[in-house]
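As a plain string of letters, each chain reads:
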Amino acid sequence: MSILEKTLTTKKATREAFGDEIVKLGKENKDIYVIDVDIAKSCKTSTFIKELPHQHINVGIAEQNAAGLAAGLATTGKIPFVSTYAVFGSLRMAEQIRQEVCYPNLNVKIACSHGGLTPANDGGSHQAIEDMGVLRSFPNMTVIMGADYQSTRKLVEQAAKINGPVYLRFTRDKVPMLYDETEEFTIGKAKKLKDGKDIAIIANGDTVHLALEATKELEKQGVSVKLLDMHTIKPIDREAVVECLELGRIITVEDHNILNGLGSAVSEVVAEEGKGKVKRIGVQDQFGQSAPYEKLLELNGITVENIVRTANAML
Amino acid sequence: MKNISIEELKEKAIEMRQTAVTMIHKAQSGHPGGSLSAADIMTALYFKEMNIDPKNPNYEDRDRFVLSKGHVCPIQYSALALLGYVPYETIYTLREYGSPFQGHPDMKKCPGIDISTGSLGQGLSCGVGMAIAGKRDKKDYRVFSLVGDGECQEGQIWEAAQTAVKYQLDNLVVFVDNNRLQIDGFCDEIMPLQDVEKKFEAFGFETKRINGHSMEDIVETLDEIRELKNGKPKCIVLDTVKGKGVSYMEDIADWHGVAPNDEEYQQAMEELAGGLK
């Protein structure tokens, strides 16, 4: 069954996917470590702690130390996953990730819940809208956000197999489950959900399901949409973006500042190729606030309606 | 551990200092002050204490060394060059394009560097990670880390310290190069550290404070703590003099990161040849 025909009824936060997958990985490989910074419960590593205490470290509320400690572990052959919230995992430990993880290209994973606007009622201080942009600018770093539970599990599994730094971003809140267990995902390769002739929509993370709904609506209106889940924004799948350029029109959708995230990564490819037009839908270079998640998306135009409107305006 | 006498170590320390000053002079760039204050402990570690193998720099069970105050790498590079990790002539390439001797230690470019450092306050955390791995894997290796007293102004040092105590890392030894100076002047004026030994002790470390330029004291202390498996990480505060061994550099903050000119270099080499007074 095509993903467009599915009725999306079940929802799950992608932080749950990390929590489940990391236990599986940890059991398979004793070198997989989790480093917590006191927020294990909300980052969903409680099962790992219970079942694999020998592979777990909790450094308390000390993120900078967590990143450096992970680097030290990695030099001995461990594969540490530092588990925290995206604001801290990208910014509080940014320099430690740069100096001690990315510069020596060590095998450390930064696995972060509370990506984008998803910690909605926590307010602007806890909503990471710039994390992927910051980490995208560090050499050697891979930057990933899965769209749902299943894809996130697969991407976490693959991240563990890459010998180098990876930043993984998860949702705090529940998002619709899009994919079956059988779907495969490759880091650095866009997942094509639908081919089309008129316009391309490239989305990632918790906005993929919105892009999917918008695609259905546009198809009803007679617009042929090509839809990509760009779960990896670095390295960006250039080939996939170039293919979209054949349509001349691209809309990017992301739960991240429109600066430096998916929209920017796609625009860089488009600008270098010298043809085509991009419209970026995402956080409008403004901080969030405490509000329902859907309200925050709406305040930034990250909605099905706005994607449809933007597409029609480009045609 | 290697068998080497204190007298031989003192001779090595002379070579270490001369090599460091030579490379900084050739590069006309680098950090002589802290390299010289750290010279004696570095000599004792590299030529006696640490279980390392220059022919096999990455062997799994080796002792690890983390130069948290990465800018004094010329003294570490001196050890690596004298021990044969790299050809001795490498000392003439410090800070040059393509050199394993980067401005700050780079584990990907230089054999014998266990972790890249350079941004103050961060190395000790890496050392804690290595020491935890050693404990979990039931390995006998130890982890040695040199931090600066000025560097202890970084909060992350204390994050790492509390973690070392929590995980009972008696395989970790932290040396504080207590030379009392930082770039802008005396540490006590810039940001007083108070009694750094008491601070580490309060965190739960086994501590000791010694003259960091007495090879006798250094060796005696290393002997004392070698087999001390009491569940406590160790902190040895080394009272040192920045620029030690070169009269015009001693206790002068301005020699933190300045290279000697030709005349100053000649004088330094002559003074160093006589050993520490």
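Values in this document were obtained by computation on a predicted structure and should not be read as measured data.

Quick notes on the rules
Per chain, the residues get numbers from 1 upward, laid out in the order the sequence is written. For this description, chains carry letters from A and ligands carry numbers from 1, given in the order in which they are written. Two thresholds apply to this predicted model, a pLDDT of at least 70 for residue-level local features and 80 or more for giving and counting side-chain atom pairs, whereas whole-chain, interface and lining totals are computed over all residues. By convention in this description, side-chain values take in all heavy atoms of the structure and omit both hydrogens and water. UniProt positions are given in the numbering used here, feature names are shortened, and annotations may be inferred rather than shown by experiment. Secondary structure elements follow DSSP: runs of H or I no shorter than four residues count as helices, runs of E no shorter than two count as strands, and numbering proceeds from the N terminus. What makes two residues a contact is simply this: any of their non-hydrogen atoms within 4.5 Å. Reported buried area values correspond to the accessible surface (1.4 Å probe) lost by two parts on association, with both partners' losses combined. Salt bridge, as used here, is a side-chain nitrogen of Lys or Arg placed within 4 Å of a carboxyl oxygen of Asp or Glu. Per-residue accessibility, obtained with a 1.4 Å probe over protein chains only, is compared with the maximum for each type, and a residue is labelled buried under 20%, exposed over 50%, and partly exposed between these values. Note that the arc is computed from the directions linking the helix axis to the C-beta atoms. Working convention: axes come from line fits to C-alpha atoms, limited for helices to the stretch in contact. Angles between N-to-C directions cover 0 to 180 degrees. Roughly parallel here means an angle under 35 degrees, roughly antiparallel means over 145, roughly perpendicular means 65 to 115, and every remaining angle is called oblique. Each crossing is labelled by how the near helix is turned from the far one, with a counterclockwise turn of less than a right angle marking it left-handed and a clockwise turn marking it right-handed. Polar here means any residue other than Ala, Val, Leu, Ile, Met, Phe, Trp, Tyr, Cys and Pro, which are nonpolar, and Asp, Glu, Lys and Arg, which are charged; Gly is therefore polar. Boundaries of every domain are those given by an automatic assignment or by a domain database. Two N or O atoms count as a polar contact when they lie within 3.5 Å, although within protein this holds only if one can serve as hydrogen donor and the other as acceptor, and sequence-adjacent residues are included solely when both atoms are side-chain atoms. One confidence number per residue, pLDDT, is output by the predictor and ranges from 0 to 100.

Q: Can you help me understand the UniProt feature "domain: Transketolase N-terminal" (unreviewed entry) in chain B in this one?
A: UniProt marks residues 15-271 of chain B with the feature "domain: Transketolase N-terminal" (unreviewed entry), using the numbering shown here. Secondary structure content for residues 15-271 of chain B is 39% helix and 13% strand, while the C-alpha to C-alpha distance between its ends is 12 Å.

Q: Help me understand the interface of chain A and chain B, please; the structure alone is not making it clear to me.
A: Think of interface size as the accessible area that goes away when the parts come together; that is how it is often given. On the side of chain B, 27 residues touch chain A, which itself brings 28 residues to the contact. Of the roughly 2,100 Å² buried between chain A and chain B, counting both surfaces, carbon and sulfur atoms make up 49%. If you look at where chain A meets chain B, you find 1 salt bridge. Across the salt bridge formed by D137 of chain B and K78 of chain A, the nearest N and O atoms sit 2.7 Å from each other.

Q: It is not clear to me how helix α10 (residues 238-245) of chain A should be interpreted in this structure. Could you clarify?
A: Structurally, the α-helix is built with 3.6 residues per turn, so residues lying three or four positions apart point the same way. Residues and elements named next belong to chain A. Restricting attention to buried positions, one finds in α10 the residues A240, V241, C244 and L245. Buried residues in α10, looked at end-on, bunch into an arc of 150°, giving them a common side. Looking at the packing, one finds that the buried side of α10 touches β10 (199-203), β11 (225-229), β13 (249-257) and α11 (262-273).

Q: Is there a simple way to think about the packing of helix α4 (residues 63-75) of chain A against helix α6 (residues 155-166) of chain B in this case?
A: When two helices pack together, their arrangement is given by the angle between the helix axes and the distance between those axes. The interhelical angle for the contact between α4 of chain A and α6 of chain B, taken along N-to-C directions, is 70°, at an axis separation of 9 Å. Between α4 of chain A and α6 of chain B, the angle falls in the class roughly perpendicular. Two packed elements cross with a definite hand, and for α4 of chain A against α6 of chain B that hand is right-handed. Between α4 of chain A, through E63, Q64, N65 and L69 of chain A, and α6 of chain B, the contact on the second element is made entirely by Q156, E159, A160 and T163 of chain B. Residue classes in the contact of α4 of chain A with α6 of chain B are distributed as 2 nonpolar, 4 polar and 2 charged.

Q: Would you mind showing me how to read the environment of Q158 of chain A here?
A: All names here are of chain A. Assignment of secondary structure puts Q158 in helix α8 (residues 149-161). Along the sequence, Q158 and T186 sit 28 residues apart, while their C-alpha atoms lie 7.6 Å from each other. Excluding residues that lie within four positions of it along the chain, Q158 makes contacts with F185, T186 and I187.

Q: Teacher, can you tell me more about the domain arrangement of chain A here?
A: Residues and elements named next belong to chain A. For chain A, the assigned domains are domain 1 (11-176) and domain 2 (191-314). On a C-alpha basis, the centroid separation for the pair domain 1 and domain 2 is 25 Å. Each partner contributes residues to the interface: domain 1 has 32 residues there, and domain 2 has 32 residues. Across the interface of domain 1 and domain 2, roughly 2,300 Å² is buried in total on both sides, 59% from carbon and sulfur atoms. Looking at the side of domain 1 facing domain 2, the largest losses of area belong to L117, I129 and R136, adding up to 33% of the total buried there. Scanning the region where domain 1 abuts domain 2 turns up 1 salt bridge. Ionic pairing is found between R136 and E268, a salt bridge with its closest N-O pair at 2.8 Å. For the interface between domain 1 and domain 2, the tally reads 17 residue pairs in polar contact (both at pLDDT 80 or more). For the side of domain 1 that touches domain 2, the secondary structure elements donating two or more residues are α7 (131-136), β6 (142-145) and β8 (174-176).

Q: How should I be thinking about the packing of helix α1 (residues 6-27) of chain B against helix α10 (residues 262-273) of chain B in this particular structure?
A: Residues and elements named next belong to chain B. The N-to-C vectors of α1 and α10 enclose an angle of 175°; their axes lie 9 Å apart at closest approach. When the axes of α1 and α10 are compared, the pair comes out roughly antiparallel. Between α1, through I14, R17, Q18, V21, T22 and H25, and α10, the contact on the second element is made entirely by D262, Y265, A268, M269, L272 and A273. Its residues assigned to classes, the contact of α1 with α10 comprises 7 nonpolar, 3 polar and 2 charged.

Q: Any chance you could explain the UniProt feature "domain: Transketolase-like pyrimidine-binding" (unreviewed entry) in chain A here in plain terms?
A: Those residues carrying the UniProt feature "domain: Transketolase-like pyrimidine-binding" (unreviewed entry) are residues 12-177 of chain A in this numbering. End C-alpha to end C-alpha, residues 12-177 of chain A measures 7 Å, and it is 44% helix and 20% strand.

Q: What is the right way to read the confidence of the model for chain B from this model?
A: Parts of the model with low pLDDT should not have their predicted coordinates read in detail. The predicted model of chain B has a mean per-residue pLDDT of 97, with 100% of residues at 70 or higher. Predicted complex metrics record ipTM = 0.96 and pTM = 0.97.

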